[in-house]
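# A structural walkthrough
Listed here are the chains, written in short residue letters.
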Amino acid sequence: MEVQGEIEALKAELETACDALLSAAQTGLELAADTPVDGEAVGAMFAEILVLCSFQDLAGQRLDRLAARLAGGAAETRPDAHLLNGPANGDGLDQAAADALFDR
């Protein structure tokens, strides 16, 4: 993927991740305000928030590769390079499919 396309894809993914994180936090606050508080639901929501925070690591990996390419470095040649971006845009697993892998 060209550098500009990579930047645009990263911006879109960061926006989606931040929206999901804010939504989950709002839901967590609403669950915590309920009387009586459903501790299991609150715990599950905050576990989801922790998972959503992992976007920072994936974004950092992509930004490191972009910086290397902009500095004239070669494209990634690791045999597992295709795994470094997390789900691919378009033809990769969507979040629901990735989550389903952990429900087994």
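Everything numeric here is computed off the predicted structure, so don't read it as measured data. (Residues numbered from 1 in each chain as written. Predicted model: local features only at pLDDT ≥ 70, side-chain atom pairs only at ≥ 80, totals over all residues. Heavy atoms only, no water.)

## Some remarks on a negative patch on the surface
Together, E30, D34, D38 and E40 give the surface a local cluster of negative charge. Within the element layout of this structure, E40 appears in helix α2 (residues 39–52). (Patch = residues over 30% accessible without salt bridge, like charges linked within 9 Å, V, L, I, M, F, W, Y side chains within 5 Å. Areas by Shrake-Rupley, 256 points an atom, 1.4 Å probe, with all protein chains shown as cover. Salt bridge = Lys/Arg side-chain N within 4 Å of Asp/Glu carboxyl O. Lys, Arg positive; Asp, Glu negative; His and termini not counted. Charge placed at Lys NZ, Arg CZ, Asp CG, Glu CD. Helix = DSSP H or I, 4+ residues; strand = E, 2+ residues; numbered from the N terminus.)

## A word on the packing of helix α1 (residues 3–33) against α2
Direction vectors running N to C along α1 and α2 enclose 165°, while the axes themselves pass 9 Å from each other. Regarding the angle of α1 to α2, the classification is roughly antiparallel. The element α1 and its partner α2 pack so that their crossing is left-handed. Side by side, α1 and α2 meet where A20, L21, A24, A25, T27, G28, L31 and A32 of the first sit next to A41, V42, M45, F46, E48, I49 and L52 of the second. Taken together, the residues of the contact of α1 with α2 break down into 12 nonpolar, 2 polar and 1 charged. (Axes fitted to C-alpha atoms, helices over the stretch in contact; angles between N-to-C directions. Parallel < 35°, antiparallel > 145°, perpendicular 65-115°, else oblique. Left-handed = near helix turned anticlockwise from the far one by under 90°. Contact = heavy atoms within 4.5 Å. Nonpolar A, V, L, I, M, F, W, Y, C, P; charged D, E, K, R; others polar.)

## Regarding unusual backbone geometry
Comment: phi is negative for the bulk of residues other than glycine, and the bulk of peptide bonds are trans. Note the cis peptide between T35 and P36, where omega equals -5°. As for its placement among the helices and strands, P36 is situated in the loop between α1 and α2.

## Let's talk about the pattern of salt bridges
Tallied over the entire structure, the rule returns 3 salt bridges. R62 serves as the salt-bridge partner of E6, at 2.7 Å between the closest nitrogen and oxygen. Linking E6 in helix α1 with R62 in helix α3 (residues 55–70), this pair joins segments that are 56 residues apart in sequence. We classify E6 as buried; its relative accessible area is 8%. Among the ionic pairs, K11 bridges to E8, the shortest N-O distance being 3.7 Å. In this pair, K11 and E8 both sit in helix α1, 3 residues apart, roughly one turn of the helix. The class of E8 is partly exposed, set by a relative accessible area of 38%. A single salt-bridge network, built from bridges that share partners, covers E6, E13 and R62. (Buried < 20%, exposed > 50% of the residue type's maximum accessible area, 1.4 Å probe, protein only.)

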